[in-house]
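This is what each chain is made of:
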Amino acid sequence: AYRCQTWGKLQVFWSCDGVIREKDSRFFSPADGKNVVCSMEFDEAVSSIRLDPGERPCMVKIRRFCVNGNQIAPEMCTINGKNLGDGLLIFEHEDPNILYEEEEIRTLELEWLVMPLSDELTVVLGALAEKKDEQERLIQKQQEQAENVINLQVKNTGDIEVHIVKIETEVILAYRMK
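Sequence order sets the numbering: in each chain, residues are counted from 1 along the sequence as written. Restriction of local features to residues with pLDDT of at least 70 applies here, the model being predicted, together with a cutoff of 80 or more for giving and counting side-chain atom pairs; totals for whole chains, interfaces and linings are based on all residues. As a convention, hydrogens and water are excluded, and side-chain values are obtained from all of the structure's heavy atoms.

Labels follow the DSSP assignment, with helices taken as runs of H or I lasting at least four residues and strands as runs of E lasting at least two, numbered in each case from the N terminus. In terms of regular secondary structure, the chain is built from two helices and nine strands. Ordered by position in the sequence, the α and β elements of the chain form the string α-β-β-β-β-β-β-β-β-β-α. Projected onto its principal axes, the C-alpha coordinates of the chain cover approximately 100 × 45 × 25 Å. Residue burial in the chain is summarised as follows: out of 178 residues, 34% are buried. Residues count as neighbours in contact if any of their non-hydrogen atoms are within 4.5 Å of one another. Within the chain, contacts between residues at least 6 apart in sequence are counted, and of these 73% link residues at least 24 apart. Carbon together with sulfur atoms contributes 53% to the accessible area of the chain, which is approximately 11,700 Å² in total. Charge convention: Lys and Arg are scored as positive, Asp and Glu as negative, and His as well as the terminal groups of each chain are ignored. Throughout, a charge is located at the NZ atom of Lys, the CZ atom of Arg, the CG atom of Asp or the CD atom of Glu. The distance from the centre of the 21 positive side-chain charges to the centre of the 32 negative ones in the chain is 4 Å. Exposure classes here rest on a 1.4 Å probe applied to the protein chains alone. A residue is buried below 20% of its type maximum, exposed above 50%, and partly exposed in between. Note on areas: Shrake-Rupley, 1.4 Å probe, and residue coverage restricted to the protein chains presented here.

The structure is reproduced here in structure tokens:
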């Protein structure tokens, strides 16, 4: 039942004090059965917006997400799912949400596609996302190791230069003493 009539609803929460309240929220339904389009202007500036794409595991394709006219990337948000890149998010659990915080939020424009996930697909996509995260951690570790090697080489080069200067100084002093 969640896949036809109620699936794809977007609940937008907003807050001036960082506390998310049901009374400060609004629902948006997909106009065409898939794509949710939302445009809001707030009477007073808010400091946080939480976007809830449903209450089941799902995948979200963000086509447009603007705050105060500025495009917002998923990396700028707190997401209780996984960012697969290119505006594609996967939520493997109940109560998926995206939290964006900024000092003075006045407008919100959003267009996204919400796709429900079966239990089987949730497991498969979750495993793929974990593999991607593992690869990113490995790349980060390799970058850190490379930086450490470079820093060690620079330090050793500096130590050699200091040693050469000391030897040159000793040679000069020894020559002067003769």
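Here the second largest pocket is characterised by a volume of approximately 170 Å³. In this structure, the second largest pocket is lined by 13 residues; those nearest its centre are Trp14, Cys16, Phe42, Glu44 and Val46. Contributing elements (two or more residues each) for the lining of the second largest pocket: β1 (10–15) and β3 (35–52). As defined here, a cavity is a set of points on a 1 Å grid over the protein atoms alone where a 1.4 Å probe fits but cannot get out. A pocket is an open set with protein on both sides within 12 Å along at least five of seven lines, and residues line them when an atom is within 4 Å of a point. Grid points are joined across faces, edges and corners, and a volume is the space filled by probe spheres set on the points.

Moving on, we come to the environment of Gln143. Structurally, Gln143 can be placed in helix α2 (residues 119–177). The spacing of Gln143 and Asp24 is 119 residues in sequence and 44 Å in space, taken between C-alpha atoms.

With that settled, the discussion passes to the packing of aromatic side chains. Classification of ring pairs uses Phe, Tyr and Trp, with its six-membered ring standing for Trp, and accepts pairs whose centres are within 6.5 Å; under 30 degrees between planes counts as stacked, over 60 as edge-to-face, and the remaining range as tilted. This model, assessed by the stated rule, comprises two aromatic pairs. With centroids separated by 6.2 Å and ring planes inclined at 75°, the aromatic side chains of Phe65 and Tyr100 adopt a geometry described as edge-to-face. Separated by 35 residues along the polypeptide, Phe65 in strand β4 (residues 58–67) and Tyr100 in strand β9 (residues 98–116) bring together distant segments of the chain. The buried category is assigned to Phe65, whose relative accessible area is 1%. Taking the relative accessible area as the measure of exposure, Tyr100 reaches 6% and is therefore buried. For a Lys NZ or an Arg CZ to count as sitting over a ring, it must be within 6 Å of the ring centre and within 35 degrees of the ring normal. Here the basic side chain of Arg50 rests over the ring of Phe13, its NZ or CZ set 5.0 Å away from the ring centre.

Our focus in this paragraph is the nonpolar core. Val12, Leu51, Phe65, Leu108 and Trp112 are the most contacted members of the largest nonpolar core, which has 28 residues in total. Going through the elements one at a time, β1, β3, β4, β8 (88–91) and β9 are the ones with two or more residues in this core. Other than its neighbours up to four places away in sequence, Leu108 contacts Val12, Cys38, Ser39, Met40, Phe42, Ile49, Leu51, Phe65, Cys66 and Val67. In this structure, Met59, Ile90, Leu125 and Ala129 belong to the second largest nonpolar core, which totals five residues. For our purposes a nonpolar core is just a set of buried Ala, Val, Leu, Ile, Met, Phe, Trp, Tyr and Cys residues, chained together by side-chain atoms within 4.5 Å.

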